[in-house]
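Residues per chain, in single letters:
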Amino acid sequence: MKEYRKNGIATKVINALISHAMDSGFCTIEIHAHEYLKEYYEKFGFHFIQDVEIVGKHQLIEMKLKLKNT
């Protein structure tokens, strides 16, 4: 919802999910994100892997975040 944008809510959720994944022992997180959010997820350390599919008018991309050395 527009009135909740730019308040850092998504950043808090993503950081909480990353922390939970680390605490749970996961080595990587892989996501499918809208292409226009690529730079946003890169701020968290995600790296572009490949284009995945088009959903509606949006290209989805695969991104990966390495949490710890395997």
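All of the points below concern the structure found in this document.

Within the protein chain one finds two helices and three strands. Walking the protein chain from its N terminus toward its C terminus, one meets helices and strands in the order α-β-α-β-β. For the protein chain, the share of sequence-separated contacts (at least 6 apart) that also reach a separation of at least 24 residues comes to 55%. By element, 54% of the accessible surface of the protein chain is carried by carbon and sulfur atoms, the whole surface being about 5600 Å². Considering the protein chain, the positive charge centre built from 10 side chains and the negative charge centre built from 9 side chains are found 6 Å apart.

This part covers unusual backbone geometry. Positive phi, normally seen in glycine, also occurs at Lys6, with a value near 70°. Within the secondary structure, Lys6 is located in the segment before α1 (9-23).

The next subject is the sheet that holds strand β1 (residues 28-34). Judged by pairing direction, the sheet is antiparallel, and its three strands sit side by side in the order β1-β3-β2 without closing on themselves. Bordering the open sheet on either side are β1 and β2 (47-55), each of which pairs with just one other strand. Taking each pair of neighbouring strands and ignoring which way they run, the sheet shows an average axis angle of 25°. Here β2 runs beside strand β3 (residues 58-66); their pairing, made up of seven bridges, is antiparallel. The residue bridging Gln50 from the neighbouring strand is Glu62, located in β3.

Summarising the element assignment, Gln59 is placed in strand β3. Judged by relative accessible area, which is 19%, Gln59 ranks as buried. A distance of 3.3 Å separates a polar side-chain atom of Gln59 from the backbone oxygen of Glu53. If sequence neighbours within four positions are ignored, Gln59 has contacts with Ala33, His34, Glu35, Asp51, Val52, Glu53 and Ile54.

Definitions and limits used
Residues numbered from 1 in each chain as written. Predicted model: local features only at pLDDT ≥ 70, side-chain atom pairs only at ≥ 80, totals over all residues. Heavy atoms only, no water. Helix = DSSP H or I, 4+ residues; strand = E, 2+ residues; numbered from the N terminus. Contact = heavy atoms within 4.5 Å. Areas by Shrake-Rupley, 256 points an atom, 1.4 Å probe, with all protein chains shown as cover. Lys, Arg positive; Asp, Glu negative; His and termini not counted. Charge placed at Lys NZ, Arg CZ, Asp CG, Glu CD. Pairing = 2+ DSSP bridges. Axes fitted to C-alpha atoms, helices over the stretch in contact; angles between N-to-C directions. Buried < 20%, exposed > 50% of the residue type's maximum accessible area, 1.4 Å probe, protein only. Polar contact = N/O pair within 3.5 Å; in protein donor to acceptor, adjacent residues only side chain to side chain.

These figures capture arrangement, not role.
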